[in-house]
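# Observations on chain architecture
One-letter residues, chain by chain:
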Amino acid sequence: MKRKLLLVIFPFLLTGCTFVAPSSSLKESSDTDTSSSLSSEDNSTSLTSSGSIDSSSITEIPDEFIDIPQPSDAYIVNSEEYLSFWNPNTKLSFSFSMSKQYIQKMSDFGAQKDNPLNELYLPANLSLTMNNQAYTFEEVGLRVKGNTSRHDFASEGIISSPISFKISFNETWQEEFYEPQGLKKIWTDENALIERDDRTLFGMKKIDIKWNNTNDQSLINQPYVYRLFRKYNEFSPHSTLGTFAFNNGSSLVNMGIMTINEPIDKTFMRRYLSKKSAAGDLYKSLYNTQGMADLTPNNAFYESNGEYFINTNGVGVEDTFNYYHPKYDLKTNEDESTHSALLNLLVTLNTNQYASTDVMKDKLETVVDIDAFLRYAALSYLTGNEDDLRNNGNNYYLYFSPTNGQAYFIPYDYDWSLGVGYDGNGGQVMATISPYHSKMQGSNRDWQHNPLYWYTIIDNQENDNSSKYPLIGEYQSQYAAYVKSFANSEYFSLDAFNKLYQAYYKNYSSFSSDVESHSIFNGVATFTNYHDSMMTTIDNYID
């Protein structure tokens, strides 16, 4: 839903963000160093793979591991504060003041995915501390997010369990659907309304908070995976850790150490694409009641009298109030898009069966940036998420360049990765399967549905798809080269994982939680085992 700014003359209390003078300043920015400094005392200890202290020093993560270059004409320029916020050496602490009434409403509204009220934001005041600098925001919006992880997390306004949620820094509560809940806000000062609608956290309108419901023993899987993607893939959000506490007016609940993820939205695209390239269609692609988002015709497109049309059962703009949840959920150009780029991709992948590889190579390269996809596929294999595009037709964003119509794949939701899985086909098993595997590990090992993987990676003559969608050998060779190169890089290594683990352990290991949120650093053994198995598997399959 797009928000319109409405001005009504009534008494009004101005709210906004206040910067509190720091006790110590952030490190000055430069072209080569955006990380926060560590004192000589801070460098005296680090951790072993079991999580214990040894005498090794903590080394800051290399700058190029933290961020990717911006286009010179990007709409949004990364500020020093933005870069510091996502730096793993930065310590973040979030403290919310929220009434019992609003905490309870947030729990009630968000417990069920199909509750049309689950997208309503509830107001809270926020105090954020970043490296001893304090920032206060009056009236940020909070709502529960997630799919299967939703649950009642409070009783009578007292938090009893962790929850994943979204923070909106520019919520105005103007929409009519807030009225029945007593949440609609009347603004009387036009400047204050515009200021609120434009308010961000270091250029971000929203951020996502996720608790460790997968019981990742290291706590750092998502920050590590996204950094790996950002190093070798054009698009990937940031991820880091922080601590979270809620004060309901009578008690304080420490919710624990939680993952902070950068939303993939219009703001994200405008940050990392040129102005001309940032105007394309962006889809959040999920496995839901409409089926897998596996780039097949199912609830995605259909043919009538020789023409192809989008199936609006599975493609559209989510409307929670009308219980409409398309598996390809458009996040940009909501009012004007005809979904033509997505339709072109789907038709090309699914209606050229048995075509020669030369013909298909030309067709594919008009609808997909193949090199970017092969890098995405190699990194996805390397990180072993059984709940991703390849393994479950789930959890990715699909972006179409407005300049050439090509599709780009953006990673999303990598908590089930690096040896952490939800069934016997995932977890450490993901490190033992072939890089050319033809089964969907997260979907009971069904044969791969997605034609794009058959054209580019899979060559298994036991299934008819191998002849319907013949493998283009040079794509498979390039994919294999990427898998081998990324696996042997300094970034996919025990040392890189340990450094990241040490940085977060140093900042957060002393933080205690009042609820069972799996907020304890239990070492890096899971990743160590996964990495060792993966390297062996790659050596066995790729020269």
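Use the structure listed above.
Residues numbered from 1 in each chain as written. Predicted model: local features only at pLDDT ≥ 70, side-chain atom pairs only at ≥ 80, totals over all residues. Heavy atoms only, no water.

## Concerning the overall build of the chain
The helix and strand tally for the chain stands at 14 helices and 21 strands. Sorting the 543 residues of the chain into buried and exposed places 58% on the buried side. Total accessible area on the chain stands at roughly 21,600 Å², and carbon and sulfur atoms take up 46% of it. (Helix = DSSP H or I, 4+ residues; strand = E, 2+ residues; numbered from the N terminus. Buried < 20%, exposed > 50% of the residue type's maximum accessible area, 1.4 Å probe, protein only. Areas by Shrake-Rupley, 256 points an atom, 1.4 Å probe, with all protein chains shown as cover.)

## Overview of helix α6 (residues 340–350)
Summarising burial for α6: eight of the eleven residues are buried, a large majority. The complete set of buried residues in α6 reads L342, L343, L345, L346, V347, T348, L349 and N350.

## Topic: unusual backbone geometry
Positive phi values are uncommon outside glycine, yet E156 reaches one of about 55 degrees. For D413, which is not glycine, the phi dihedral falls at a positive 60 degrees. The topology assignment puts D413 in the loop between β19 (407–411) and β20 (439–440).

## Quick notes on the side chain of N463
Mapped onto the secondary structure, N463 falls in the loop between α10 (451–456) and α11 (465–468). A polar contact is formed between the side chain of N463 and the backbone nitrogen of N465, at a distance of 2.8 Å. In contact with N463, other than residues within four places in its own chain, are W447 and W454. (Polar contact = N/O pair within 3.5 Å; in protein donor to acceptor, adjacent residues only side chain to side chain. Contact = heavy atoms within 4.5 Å.)

## Describing the side chain of D294
Here D294 shows up in the loop between β13 (282–285) and β14 (301–304). A polar atom in the side chain of D294 sits 2.6 Å from the side chain of T296. Contact partners of D294, with chain neighbours within four places excluded, come to Y328, G393, H449, N450 and P451.

## Some details on the nonpolar core
If you look at soluble globular proteins, the nonpolar side chains tend to sit buried side by side. Core analysis: the largest hydrophobic core is formed by 143 residues, its most contacted members being F85, F94, F96, F165 and F492. Here the element with the most residues in this core is helix α8 (residues 370–383); it accounts for ten residues. With sequence-adjacent residues up to four places away left out, F492 is seen in contact with Y224, L228, L382, L418, F486, A487, F527, Y530, H531, M534 and M535. (Core = buried A, V, L, I, M, F, W, Y, C linked by side-chain atoms within 4.5 Å.)

## Focus: the pattern of salt bridges
For the structure shown, the criterion picks out 13 salt bridges. Notably, a salt bridge pairs K166 with D208, separated by 2.5 Å at the nearest N-O pair. Separated by 42 residues along the polypeptide, K166 in strand β9 (residues 165–168) and D208 in strand β10 (residues 206–210) bring together distant segments of the chain. Each member of the pair, K166 together with D208, is buried. Taking the shortest distance from any N to any O, the salt bridge between E176 and K184 comes out at 2.5 Å. E176 gets classed as exposed once you look at its relative accessible area, which sits at 53%. Note on K184: relative accessible area 26%, which makes it partly exposed. (Salt bridge = Lys/Arg side-chain N within 4 Å of Asp/Glu carboxyl O.)

## Some words on a negative patch on the surface
On the surface, D189, E190, E195 and D198 cluster together to form a negatively charged patch. Inspection of the secondary structure puts E195 in helix α3 (residues 190–198). (Patch = residues over 30% accessible without salt bridge, like charges linked within 9 Å, V, L, I, M, F, W, Y side chains within 5 Å. Lys, Arg positive; Asp, Glu negative; His and termini not counted. Charge placed at Lys NZ, Arg CZ, Asp CG, Glu CD.)

## With respect to the sheet that holds strand β16 (residues 315–316)
Judged by pairing direction, the sheet is mixed, and its five strands sit side by side in the order β16-β17-β13-β18-β19 without closing on themselves. The open sheet has two edge strands, β16 and β19, and neither has a second partner. With five bridges joining them, strand β18 (residues 396–400) and β19 adopt antiparallel strand pairing. Paired with F400 across the bridge in β19 is A407. (Pairing = 2+ DSSP bridges.)

## Let's talk about α8
Along its 14 residues, α8 runs 20 Å from first to last C-alpha, staying within 8% of the 20 Å computed at 1.5 Å per residue. Positive backbone phi, approximately 65 degrees, marks G384, located one or two places after α8. (Expected span 1.5 Å × (residues − 1).)

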